[in-house]
Amino acid sequence: MGNRLSKIYTRTGDDGTTGLGDGSRIAKDADRVRTYGTVDEANSAIGLLLAAQLPNDVRDLLVSVQHQLFDLGGELCIPGHAAITDADIARLEERLDHYNEPLPPLKDFILPGGGEAAARCHVARTVVRRAEREAVTLSRQEAVRPQAIGYLNRLSDLLFVLARVLARADGHGEVIWRHERR
């Protein structure tokens, strides 16, 4: 375990730089910082989702995901560090298949909504999707392990399926995009 923060402000970032996990300093708006910052934002969005009424199995899954997102943030903050594994991605796929199997096939696009928990899940999904895009951008300039990008891709898919599950569990149902309304 690294150093514990005993003092929250250090003033070292007042010049527009921040420290990476390897001790180097880079600009606060660098793609690497933007990427792990968006992973942190995704983790916060999942925290907001966890504040809603959720089935226990979904709650347990999301708490586990939060820990893995924290690991992923560390991986992105320490160049060359590896934290997310192929097994982590496989576990997401297994959970995705588990929750998707009983759902009816999609015949239409759905809109974000379907009750408070489902709507919060959609927000988390879109933040994870942004983190994935930023990781891809970073990978064009610096080494990013494919497991990091794959994990974010699978997680956004899982959150989409969970939003469908939560919309149905809440009794609101999914909000179908009505293309014929025009």
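Structure shown above.
The notes below deal with the structure included here.

Reading the values: rules and limits
- Residues numbered from 1 in each chain as written.
- Predicted model: local features only at pLDDT ≥ 70, side-chain atom pairs only at ≥ 80, totals over all residues.
- Heavy atoms only, no water.
- Helix = DSSP H or I, 4+ residues; strand = E, 2+ residues; numbered from the N terminus.
- Buried < 20%, exposed > 50% of the residue type's maximum accessible area, 1.4 Å probe, protein only.
- Areas by Shrake-Rupley, 256 points an atom, 1.4 Å probe, with all protein chains shown as cover.
- Lys, Arg positive; Asp, Glu negative; His and termini not counted.
- Charge placed at Lys NZ, Arg CZ, Asp CG, Glu CD.
- Phe/Tyr/Trp six-rings, centres within 6.5 Å; stacked < 30°, edge-to-face > 60°.
- Core = buried A, V, L, I, M, F, W, Y, C linked by side-chain atoms within 4.5 Å.
- Contact = heavy atoms within 4.5 Å.
- Axes fitted to C-alpha atoms, helices over the stretch in contact; angles between N-to-C directions.
- Parallel < 35°, antiparallel > 145°, perpendicular 65-115°, else oblique.
- Left-handed = near helix turned anticlockwise from the far one by under 90°.
- Nonpolar A, V, L, I, M, F, W, Y, C, P; charged D, E, K, R; others polar.

Counting its secondary structure elements, the protein chain contains 5 helices and 4 strands. Its C-alpha atoms give the protein chain principal-axis dimensions of roughly 55 × 35 × 30 Å. In the protein chain, which comprises 182 residues, the proportion classed as buried is 40%. On the protein chain, roughly 10500 Å² of surface is accessible, and the fraction owed to carbon and sulfur atoms is 52%. For the protein chain, the centre of its 24 positive side-chain charges and the centre of its 26 negative side-chain charges are spaced 4 Å apart.

A separate point is the environment of Pro112. Along the chain, the position of Pro112 falls in the loop between strand E3 (110-111) and helix H4 (116-139). Here the alpha-carbon distance between Pro112 and Asp97, two residues 15 residues apart in the chain, equals 21 Å.

This part takes up the packing of aromatic side chains. Taken as a whole and assessed by the stated rule, the structure comprises 1 aromatic pair. Ring geometry for Phe109 against Trp177: centres 5.9 Å apart, planes inclined by 65 degrees, an arrangement best described as edge-to-face. In this pair, Phe109 is assigned in the loop between helix H3 (86-100) and E3 and Trp177 in the segment after strand E4 (175-176), connecting sequence segments 68 residues apart. A residue is classified by how much of its surface remains accessible, and Phe109, at 61% relative accessible area, is exposed.

Before going further, it helps to spend a moment on the nonpolar core. Counting residues in each nonpolar core, the largest one holds 48 residues, and the members touching the most others are Leu62, Leu69, Leu72, Tyr151, Leu155 and Leu162. Elements represented by at least two residues in this core include exactly helix H1 (31-50), helix H2 (56-77), H3, H4 and helix H5 (146-169). Looking at this core, the element that brings in the most residues is H5, giving 13 residues. Setting aside anything within four residues of it in sequence, one finds Leu155 in contact with Ile46, Val65, Leu69, Leu92 and Val128.

Between H1 and H2, the shortest axis-to-axis distance is 9 Å and the interhelical angle comes to 165 degrees. Put simply, H1 runs roughly antiparallel to H2. The two elements H1 and H2 cross, and the hand of that crossing is left-handed. On H2, the residues that touch Arg32, Thr35, Tyr36, Val39, Ala42, Asn43, Ile46, Gly47, Leu49 and Leu50 of H1 are Arg59, Leu62, Val63, Val65, Gln66, Leu69, Phe70, Leu72, Gly73, Leu76 and Cys77. Taken together, the residues of the contact of H1 with H2 sort by class into 14 nonpolar, 5 polar and 2 charged.

Below, the discussion takes up the environment of Val144. Along the chain, Val144 falls in the loop between H4 and H5. Given a relative accessible area of 16%, Val144 falls into the buried group.

Attention shifts here to the packing of H2 against H5. For the pair H2 and H5, the least separation of the axes is 12 Å and the interaxial angle reads 155 degrees. Relative to H5, the element H2 is oriented roughly antiparallel. Crossing of H2 against H5: the hand is left-handed. Where H2 approaches H5, its residues Val58, Leu61, Leu62, Val65, Gln68, Leu69, Leu72 and Glu75 are matched on the opposing element by Ala148, Tyr151, Leu152, Leu155, Leu158, Leu159 and Leu162. A class-by-class count of the residues in the contact of H2 with H5 yields 13 nonpolar, 1 polar and 1 charged.

Read these as spatial facts, not as claims about activity.
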